[in-house]
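Listed here are the chains, written in short residue letters.
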Amino acid sequence: MIEGATPLTIVPPLPVGELFETGFDWFKDTFDAVFDAIGDFINGVIDGFSGLLQGPEPLVLAIAFALLAWLVRDWKLAVGSLVGMVVIIGMDMWDPAMETLALVVVATLFALLIGIPLGIWAARSPAVSRILKPVMDFMQTMPGFVWLVPVVILFGIGVAGAMVATVIFALPPAVRLTELGIRQVDSEVVEAGQAFGAGPRQILKDIQLPLALPTLMAGVNQVIMLALSMAVIAGLVGGGGLGNEVVSAISTLDLALGFDAGISVVILAIFLDRLTASIGSRRPGHGRLRELRSRFVRTPARTAA
């Protein structure tokens, strides 16, 4: 621009943010009691689950996580999980890690309870799919820090606001991949079910969801990873757990604390990623428990005719 020239003012000012703020203030004032009740419920659920994880001895729970990894996949994942959990214990990050795990698990459950039905609805209705697509694009592309602002206004500083922001940020993959998985089911298989007299619910339960399970589990995996990343960011608004440790390390320039908290986040992310990926890759009816039963339980010998 030439020095001294004034910019063109062809485009009038658009007070989009101010209009949104006005509507948001009305929404908050109208439903403030409802959000207080929801916040109390969320705090109770997360506090209860966090207390459940922190109740047993850390090494006992670490062994339980390793056994879960072995049941879902193999001994290699079990050993790696045990080593990772022992490292978290050794760094004195166990309690914050369990708080973060509780937040991630609860947020993931809420995201799936909302996202999977919406994905099924979108797969069955092109109109719903067209409506949800821009909404999911908006939710997924909006920076995670931005979601903290309205959520804190509604729920205040604390775990409830952090959990709601985490659910919003992690929800889109559950909707998108549920819809994708159901749409990818071979139409001939669905038509065969209809030919045998199966209704829409039976086709969904017995055909579409089982065949779409790998894609669904990929969605669960992405939801967990996004929830974990957002749970750390939510430490800025009092989300607790490893997020608080990271924020504390930044504010005090404590490199050791930041490194310990970061390594703990990485260990949790790898554990959850491998666990959900293994569940999605197993064929229906071929879990570890079934394999163990078939290996160690002998079938009765056939009686001679």
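Since the model is a prediction, treat every value here as computed from it, not as a measurement.

Draft legend 1. Spatial organisation of the packing of helix α9 (residues 187-195) against helix α10 (residues 200-211). Two elements in contact, α9 and α10, have axes separated by 10 Å at closest approach and are oriented at 165 degrees. Taken together, the axis directions place α9 and α10 in an arrangement best described as roughly antiparallel. For the crossing formed where α9 meets α10, the hand is right-handed. The segment α9 lies against α10, with Val 189, Val 190, Gly 193 and Gln 194 engaging Ile 203, Ile 207, Gln 208 and Leu 211.

Draft legend 2. Representation of the nonpolar core in the model. Formed by 69 residues in total, the largest nonpolar core has its most connected members in Phe 65, Met 85, Ile 88, Trp 94, Met 98 and Met 163. Filtering out sequence-adjacent residues up to four positions away, Met 85 remains in contact with Ala 62, Phe 65, Trp 94, Ile 267, Leu 268 and Phe 271. By size, the runner-up hydrophobic cluster in this structure holds seven residues, among which are Ala 198, Ile 203, Ile 207 and Ala 212.

Draft legend 3. Region of interest: the confidence of the model for the protein chain. Summing up the model confidence of the protein chain, the mean pLDDT is 80 and the portion of residues at 70 or higher is 89%. Contacts of residues 299-305 to residues separated by more than four positions or lying in other chains number zero contacts, the stretch itself having pLDDT below 50.

Draft legend 4. Structural view of the layout of surface pockets. Here the largest pocket is characterised by a volume of approximately 630 Å³. Forming the walls of the largest pocket are 27 residues, and the residues nearest its centre are Trp 147, Val 151, Leu 154, Val 164 and Ile 168. If you list the elements that add at least two residues to the lining of the largest pocket, you get α1 (16-30), α2 (32-54), α5 (94-124), α6 (126-141), α7 (144-155) and α8 (159-183). The leading source of residues in the lining of the largest pocket is α7, at eight residues. When grouped by side-chain class, the residues that make up the lining of the largest pocket number 25 nonpolar, no polar and two charged.

Draft legend 5. Structural detail: α6. For α6, built from 16 residues, the straight-helix expectation of 22 Å at 1.5 Å per residue is met to within 8% by its first-to-last C-alpha distance of 23 Å. At Leu 132, α6 is deflected by roughly 25 degrees, the largest bend along its length, and proline Pro 134 occurs up to four residues later in sequence. Residues of α6 that are buried: Val 128, Ser 129, Leu 132, Met 136 and Met 139. On its buried face, α6 is in contact with α5, α7 and α8.

Draft legend 6. Region of interest: a nonpolar patch on the surface. A cluster of nonpolar side chains, contributed by Leu 59, Ile 63, Leu 67, Trp 70, Trp 75, Val 79, Val 83, Val 86 and Val 87, occupies part of the molecular surface with about 810 Å² of accessible area. Breaking the nonpolar patch down by element, the ones donating at least two residues are α3 (58-72) and α4 (75-90). Tallying contributions element by element places α4 first for the nonpolar patch, with five residues. Turning to its location among the elements, Val 79 is positioned in helix α4. In this structure Val 79 comes out as partly exposed when scored by relative accessible area, which is 44%.

Parameters at a glance
- Residues numbered from 1 in each chain as written.
- Predicted model: local features only at pLDDT ≥ 70, side-chain atom pairs only at ≥ 80, totals over all residues.
- Heavy atoms only, no water.
- Axes fitted to C-alpha atoms, helices over the stretch in contact; angles between N-to-C directions.
- Helix = DSSP H or I, 4+ residues; strand = E, 2+ residues; numbered from the N terminus.
- Parallel < 35°, antiparallel > 145°, perpendicular 65-115°, else oblique.
- Left-handed = near helix turned anticlockwise from the far one by under 90°.
- Contact = heavy atoms within 4.5 Å.
- Core = buried A, V, L, I, M, F, W, Y, C linked by side-chain atoms within 4.5 Å.
- Buried < 20%, exposed > 50% of the residue type's maximum accessible area, 1.4 Å probe, protein only.
- pLDDT = per-residue confidence, 0-100.
- 1 Å grid on protein atoms, 1.4 Å probe; cavity = no way out; pocket = protein on both sides within 12 Å on 5 of 7 lines; lining within 4 Å.
- Points joined across faces, edges and corners; volume = space filled by probe spheres on them.
- Nonpolar A, V, L, I, M, F, W, Y, C, P; charged D, E, K, R; others polar.
- Expected span 1.5 Å × (residues − 1).
- Bend = angle between axes of the 7 residues up to and from the residue.
- Patch = residues over 30% accessible without salt bridge, like charges linked within 9 Å, V, L, I, M, F, W, Y side chains within 5 Å.
- Areas by Shrake-Rupley, 256 points an atom, 1.4 Å probe, with all protein chains shown as cover.
- Salt bridge = Lys/Arg side-chain N within 4 Å of Asp/Glu carboxyl O.

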